[in-house]
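Chain by chain, the residues:
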Amino acid sequence: MAVEDLEFVKGFCRMCDDGWLQGWHERNGGNLTYLLDDTEVAAAKPEFGEPREWVNMGVTDTTLAGRYFLSTGSGKYMRNVAGDPAHNIGIVEINAEGSAYRIVWGLLEGAKPTSEFPSHYMNHCVRFSADPTNRVIYHSHTPGVIEMSFIVPLEDRAFSRILWQMMTECVVVFPAGVGVVPWMVPGGADIAKATSDLMKKYTAAVWAHHGLFVSGPDFDTAFGLAHTIEKAAELYIAARAANGGSDKFLNVISDQGLKDTCRDFGIQINEDFVD
Ligand code: 13P
Ligand code: ZN
């Protein structure tokens, strides 16, 4: 079967399209990676070409050494993925040292995996260690989250509390909260390390003035997490604008309300973020 017809590739392409339709992927903005399981590797392997050269990632982690990832291409547009997967996405193999990748399928005509591949790889390793069911890392240029980063202190607690307060089910979807990476140059090892440090604790990290990184065990969960965070961020911006720019709202979900919700849903809230 052609790689494009495999279920995980179809799910990957659909998610790229979903993000594009949300308005989160201007130009080549954003990227997506997916960790293949052994069955998926076996199904795709007959279609693998001659492996290309190993490329150093600038980060090293043996947690997912030898594994395969499906990745969007650097400089490729999310809006083009579904129409032509082989030119816009590709499968890479990680070396035994967990320090380099090589392309084995797709990314035709000299394309490369996303420039954020070091961040994706480190986040996969950290999330896999925290939760072995994790398979997806997704980076999007979500406007509400970016807007929030201009007017909210760039601290995990401040961001998490505001997002939780905006919509009742936020605390259920991300009860640990979100991490916040201050503005950094994208595309390298430094931002990869800063993000993956936060992803030890959180399933999502905000990149100030840039966007959002989320994780999840499948495309639905990862996309749903990004969608929930972004919707809460947009609600905050709209409520604050409607309030003349003030952040002193008439009504807000109380800390006791957040704790009661988690109690009834049987989940653990991050106690450090509630009074
Ligand atoms: P890529 O085109 O290399 O994936 O980069 C897009 C991006 O969002 C960088 O942060
Ligand atoms: Zn980006």
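Note that the coordinates shown come from a computational prediction; the quantities given were computed from them, not determined experimentally. (Residues numbered from 1 in each chain as written. Chains lettered and ligands numbered in written order. Predicted model: local features only at pLDDT ≥ 70, side-chain atom pairs only at ≥ 80, totals over all residues. Heavy atoms only, no water.)

1. Some words on the sheet that holds strand β5 (residues 100-106)
The strands making up a sheet associate through backbone hydrogen bonding, with each pair oriented either parallel or antiparallel.
Then step 1. Taken in spatial order, the nine strands make up an open sheet running β2-β5-β4-β3-β1-β6-β9-β8-β7, and their pairing is mixed. Across the chains shown, the open sheet's two edge strands, defined by having one partner strand only, are β2 (55-56) and β7 (179-181).
Then step 2. Pairing geometry for strand β4 (residues 89-94) and β5, over five bridges, is antiparallel. By the bridge assignment, Gly90 is partnered in β5 with Gly106.
Then step 3. Across the sheet, helix α10 (residues 219-242) lies against β1 (31-35), β6 (136-140), β8 (204-207) and β9 (211-216), angled at about 145° from β9, the strand it touches most. (Pairing = 2+ DSSP bridges. Helix = DSSP H or I, 4+ residues; strand = E, 2+ residues; numbered from the N terminus. Contact = heavy atoms within 4.5 Å. Axes fitted to C-alpha atoms, helices over the stretch in contact; angles between N-to-C directions.)

2. A closer look at the coordination of the zinc ion (ligand 2)
Tetrahedral metal sites with four donors have an ideal angle of 109.5 degrees; octahedral sites with six donors have ideal angles of 90 or 180 degrees.
Then step 1. Listed as protein donors to the zinc ion (ligand 2) are His139 (NE2), His141 (NE2) and His210 (NE2); their distances from the metal cover 2.0 to 2.1 Å.
Then step 2. If you list the donors of the zinc ion (ligand 2) from N- to C-terminus, the spacing comes out as H-x1-H-x68-H. With His139 in strand β6 and His210 in the loop between β8 and β9, the pair connects residues that are 71 residues apart, well separated along the chain.
Then step 3. The exposure class assigned to His139 is buried, which follows from its relative accessible area of 0%.
Then step 4. Overall, the relative accessible area of 14% leaves His210 in the buried class. (Donors = N, O, S within 2.8 Å, 3.2 Å for Na, K, Ca; no water. Buried < 20%, exposed > 50% of the residue type's maximum accessible area, 1.4 Å probe, protein only.)

3. Looking at the packing of helix α6 (residues 143-151) against α10
Think of two packed helices as two axes; the pair is described by the angle between the axes and how far apart they sit.
Then step 1. Packing of α6 against α10 leaves a shortest axis separation of 7 Å and a crossing angle of 50°. The orientation of α6 relative to α10 falls into the category oblique. Between α6 and α10 the crossing geometry is left-handed. Residues Pro143, Gly144, Val145, Glu147, Met148 and Ile151 of α6 touch α10, and the partners they reach there are Ile229, Glu230, Ala233, Glu234, Tyr236, Ile237 and Arg240.
Then step 2. Classifying every residue of the contact of α6 with α10 gives eight nonpolar, one polar and four charged. (Parallel < 35°, antiparallel > 145°, perpendicular 65-115°, else oblique. Left-handed = near helix turned anticlockwise from the far one by under 90°. Nonpolar A, V, L, I, M, F, W, Y, C, P; charged D, E, K, R; others polar.)

4. Details of helix α1 (residues 7-22)
Then step 1. Look at α1: 23 Å from first C-alpha to last across 16 residues, which is about the 22 Å you get at 1.5 Å a residue.
Then step 2. By the burial criterion, the buried members of α1 are Phe8, Val9, Phe12, Cys13, Met15, Cys16 and Gly19. The buried residues of α1 occupy an angular sector of 155° when projected down its axis, which confines them to one face. Of the exposed residues in α1, the ones pointing more than 90 degrees away from its buried face are Glu7, Arg14 and Leu21.
Then step 3. Looking one or two places after α1, you find Gly23, whose phi comes out positive at around 85°. (Expected span 1.5 Å × (residues − 1). Arc of directions from axis to C-beta.)

5. Comments concerning the environment of Gly29
Then step 1. By secondary structure assignment, the location of Gly29 is in the loop between α1 and β1.
Then step 2. Classification of Gly29 by relative accessible area gives buried; the value is 5%.
Then step 3. With 113 residues separating them in the primary sequence, Gly29 and Thr142 have C-alpha atoms 9.9 Å apart.
Then step 4. The contact partners of Gly29, leaving out residues within four places of it in the chain, are Trp24, Met78 and His141.

6. Digging into the nonpolar core
Then step 1. Core analysis: the biggest nonpolar cluster contains 66 residues, and Ile91 and Ile229 have the highest contact counts within it.
Then step 2. Of all the elements, α10 adds the most residues to this core, at 10 residues.
Then step 3. In this structure, Leu35, Phe69, Val92 and Met122 belong to the second largest nonpolar core, which totals 16 residues. (Core = buried A, V, L, I, M, F, W, Y, C linked by side-chain atoms within 4.5 Å.)

7. Focus on the packing of aromatic side chains
Then step 1. Under the counting rule described, the total for this entry stands at 14 aromatic pairs.
Then step 2. Through a chain of ring-to-ring contacts, three or more aromatic side chains come together here, namely Phe8, Phe12, Tyr34 and Phe219. (Phe/Tyr/Trp six-rings, centres within 6.5 Å; stacked < 30°, edge-to-face > 60°.)

8. Describing the state of the cysteines
Then step 1. On inspection of all chains with the given rule, the structure shows zero disulfides.
Then step 2. Considering cysteine sulfurs only, Cys16 is the nearest to Cys13, which forms no disulfide, with 6.2 Å between them.
Then step 3. Left unpaired, Cys170 is separated from the closest cysteine sulfur, that of Cys262, by 11 Å.
Then step 4. Taking relative accessible area as the criterion, Cys170 reaches 0% and is therefore assigned buried. (Disulfide = S-S within 2.5 Å.)

9. Considerations on the pattern of salt bridges
Then step 1. Inspection of every chain in the model, using the stated rule, returns 11 salt bridges.
Then step 2. For Lys10, the salt bridge identified is with Glu7, shortest N-O distance 3.3 Å. Highlighted residues: Lys10 and Glu7, both in helix α1, separated by three residues, approximately one helical turn.
Then step 3. Judged by its relative accessible area of 42%, Lys10 is partly exposed.
Then step 4. For Glu7, a relative accessible area of 60% translates into the label exposed. (Salt bridge = Lys/Arg side-chain N within 4 Å of Asp/Glu carboxyl O.)

Any functional reading would require information beyond the geometric quantities listed.
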